[in-house]
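Breakdown of the fold
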Amino acid sequence: MGPVERAQPSVAAADPEIAELITAEEHRQTDTLCLIPSENHVSRAVLEASGSVLTNKYSEGYPGRRYYEGQQVVDQVEELAIRRARELFGVEHANVQPYSGSPANLAVYLAFCQPGDTVMGMALPMGGHLTHGWNVSATGKWFRSVSYGVRRDTGRIDFDEVRDVARRERPKLIFCGGTAIPRTIDFAAFAEIADDVGAVLVADVAHVAGLIAGGAHPSPVGHAPVISTTTHKTLRGPRGAMLMSSEEHAKALDRAVFPGLQGGPHNHTTAGIAVALHEAAEAEFTEYAHRVVSNAKLLADDLLARGFDLVSGGTDNHLILIDLTTKEVGGKPAAQALDRAHVVVNYNTVPYDTRKPFDPSGIRLGTPAVTSRGMGETEMRAIAAWIDRAVEAAKKEDEAELKRIGDEVVELSRAFPVPGVG
Ligand SMILES: *Cc1c(COP(=O)(O)O)cnc(C)c1O
């Protein structure tokens, strides 16, 4: 060993309570099927980088322009992450410092808007994100936000509506992307409208960034001058975010992140992001991204065959939104029953939902995490069958059936180890 002796106690010795909880969470993840479309299982390498001594270092500023000394190593970490982001997504500029997706989006507002300016995004209950101007978010309180949705008959974005609202309201920013969109985002169609009204198009690709990196979803590059993404969803990195842009907007975005909104970047996270970007550039990740989509399509087809009503009639990506209205059970009791059966999803509003957001009509599921565990067609068919049985059991409050499903799920789950665990 060199001058660094690793004699520090581990979590188990230093804090058995937290160590036990971490182990319990490892067991929970191993014994359940994670179908939450915004979650994933990161690699051991990403875990190690994000749990490293880089957490100790303050480095306000950007590589080569810091406000603290001792940046010999940290500058290289951030430069590597930036270079990898630029190469992977083919962008001129990348900022890897945003703490998470929400602050990344807030930085976009800060870069382009004054309080009270008009901004436009997809309405939250239609599949948008809180930070696209929804009223309970700071972005809805401090800016004048207008929204668009999906068509009632198709469940898809209504570009006539997008164009009408944009022409009437003249927003400074138009956000595209969201949290419950099962279909391909048509960046070119948004770009045409943004150009027409002189708005800056922001592609928030948090959900599909990994699919874009792997070539399983079109890229917004060339259409959206500003791209925002989290790093922890399909991209399979640590919790964090990135802003990417053309050179034209680089300075404004960098200034908005620091010193506009944040202090020191989370360097351990930057290292984890760099590792994830490195992994995402491998051929194996391209395969992964395509498998995420083919698994989602298999699952969707099987659910449709079982009489489930899917918003937009299916999926193009990693995500499926089920409207349970025809199954006569609410989204919340269904999600809770599925959880008891070790199948983890979240309840979600569906477009034009008639129920309350706290107990909406839908559940949202996705395939990024189960695909990271190596699951494929056989497992998708089994999952569709379990969802079908669990929803019926939820309706009848049949706890014995949920227990039976849970036992079967555990048996399958244990055959597919969680990356990074054990
Ligand atoms: C997840 C998500 C965010 C926010 O990310 P956090 O890291 O949870 O703050 C923003 N936009 C979209 C579209 C998302 O899906």
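Conventions we followed
Residues numbered from 1 in each chain as written. Predicted model: local features only at pLDDT ≥ 70, side-chain atom pairs only at ≥ 80, totals over all residues. Heavy atoms only, no water. Pairing = 2+ DSSP bridges. Helix = DSSP H or I, 4+ residues; strand = E, 2+ residues; numbered from the N terminus. Buried < 20%, exposed > 50% of the residue type's maximum accessible area, 1.4 Å probe, protein only. Contact = heavy atoms within 4.5 Å. Phe/Tyr/Trp six-rings, centres within 6.5 Å; stacked < 30°, edge-to-face > 60°. Lys NZ or Arg CZ within 6 Å of the ring centre and 35° of its normal. Domains from an automatic or database assignment. Buried area = accessible area lost by both parts, 1.4 Å probe. Salt bridge = Lys/Arg side-chain N within 4 Å of Asp/Glu carboxyl O. Polar contact = N/O pair within 3.5 Å; in protein donor to acceptor, adjacent residues only side chain to side chain. Nonpolar A, V, L, I, M, F, W, Y, C, P; charged D, E, K, R; others polar. Near = heavy atom within 4 Å. Areas by Shrake-Rupley, 256 points an atom, 1.4 Å probe, with all protein chains shown as cover. Axes fitted to C-alpha atoms, helices over the stretch in contact; angles between N-to-C directions. Parallel < 35°, antiparallel > 145°, perpendicular 65-115°, else oblique. Left-handed = near helix turned anticlockwise from the far one by under 90°.

To continue, consider the sheet that holds strand β14 (residues 346-348). On the basis of which strands lie adjacent, the open sheet formed by four strands has the order β11-β12-β15-β14 and antiparallel pairing. Of all the strands in the sheet, just β11 (309-310) and β14 have a single pairing partner and so form its edges. Pairing of β14 with strand β15 (residues 362-366), which is carried by three bridges, proceeds in the antiparallel orientation. Bridge pairing in β15 places N348 opposite G362.

Turning next to the environment of I320. Relative to the helices and strands, I320 resides in strand β12 (residues 319-323). Taking relative accessible area as the criterion, I320 reaches 1% and is therefore assigned buried. With sequence-adjacent residues up to four places away left out, I320 is seen in contact with A296, L299, A300, L303, L310, T315, I363, R364 and L365.

Another point: the packing of aromatic side chains. To describe a pair of aromatic rings, one takes the distance between the centres and the angle between the planes. Overall, the coordinates contain seven aromatic pairs when judged by the stated rule. Aromatic side chains Y148 and F190 sit 5.6 Å apart centroid to centroid with 50° between the ring planes, which places their arrangement in the tilted category. With a gap of 42 residues between them, Y148 in strand β6 (residues 144-148) and F190 in helix α8 (residues 187-197) connect regions that are remote in the sequence. We classify F190 as buried; its relative accessible area is 0%. An aromatic cluster is defined as three or more aromatic residues linked by ring pairs; in this entry it consists of Y109, F143 and F175. For the cation-ring pair, R152 lies above Y352, with the distance from its terminal atom to the ring centre recorded as 4.2 Å. When the ring centre of F308 is taken as reference, the NZ or CZ atom of K327 above it lies at 4.3 Å.

In terms of domain boundaries, the protein breaks down into domain 1 (50-280) and domain 2 (293-413). The interface is formed by 21 residues belonging to domain 1 together with 19 residues belonging to domain 2. When domain 1 packs against domain 2, the two sides together hide about 1,700 Å² of surface, and 54% of this comes from carbon and sulfur. A per-residue breakdown of the area domain 1 buries against domain 2 is headed by R152, P182 and R183, which together make up 32% of the total. Counting across the domain 1 and domain 2 interface gives one salt bridge. For D316, the salt bridge identified is with R183, shortest N-O distance 2.8 Å. The interface formed by domain 1 and domain 2 holds 11 residue pairs in polar contact (both at pLDDT 80 or more) in total. Considering only residue class, the side of domain 1 that touches domain 2 consists of 10 nonpolar, six polar and five charged.

All right, on to the site of the ligand then. Surveying the vicinity of the ligand reveals 13 residues, the closest of which are S100, G101, S102, D204 and K233. Side-chain polar atom of S102 to an oxygen atom of the ligand: 2.6 Å apart, as the coordinates give it. Within the side chain of D204, a nitrogen or oxygen atom sits 2.6 Å from a nitrogen atom of the ligand. Look at the ligand: alone it shows 380 Å² of surface, and the protein chains cover 87% of it.

Scanning the model with the defined rule gives 22 salt bridges in all. For D117, the salt bridge identified is with K172, shortest N-O distance 2.8 Å. A residue pair is termed long-range when its members are at least 10 positions apart, and D117 in the loop between α5 (101-112) and β5 (118-122) and K172 in the loop between α7 (159-169) and β7 (173-176) qualify at 55 residues. According to the relative accessible area criterion, D117 is buried, its value standing at 16%. On the basis of relative accessible area, K172 is assigned to the partly exposed category, the value being 39%. Between R381 and D302 there is a salt bridge whose closest N-O contact spans 3.0 Å.

Before going further, it helps to spend a moment on the pairing of strand β8 (residues 200-204). Of all five residues in β8, five are buried; the element is thus mostly enclosed. Alternating positions in β8 separate into two faces, V200, V202 and D204 on one and L201 and A203 on the other, with burial throughout. By the bridge criterion, four bridges tie β7 to β8 in an arrangement that is parallel. Of the residues in β8, the one forming a bridge with I174 is L201. Summarising the sheet, β8 and strand β9 (residues 226-230) pair through three bridges and their orientation is parallel. Looking across to β9, one finds that D204 is bridged to S228.

A word on the packing of helix α15 (residues 377-396) against helix α16 (residues 399-414). Each pair of packed helices gets described by two things: the angle between the helix axes and the distance between those axes. α16 packs onto α15 with a crossing angle of 160° between their chain directions and a minimal axis gap of 9 Å. Considering their axes alone, α15 and α16 lie roughly antiparallel with respect to each other. For α15 against α16, the interelement crossing comes out left-handed. Residues E379, W386, R389, A390 and A393 of α15 pack against E401, L402, R404, I405, E408, V409 and L412 of α16. When its residues are assigned to classes, the contact of α15 with α16 shows seven nonpolar, no polar and five charged.

This paragraph deals with unusual backbone geometry. Here the bond from F258 into P259 is cis, since omega is 10°, no more than 30 degrees from zero. By the element assignment, P259 lies in helix α10 (residues 250-261). Phi angles above zero are rare outside glycine, and R236 is one such case at about 65°. On the secondary structure map, R236 appears in the loop between β9 and β10 (241-245). On the accessibility criterion, R236 (17% relative accessible area) is buried. At Y352, a residue that is not glycine, the phi angle is positive and equals roughly 60°. Inspection of the secondary structure puts Y352 in the loop between β14 and β15.

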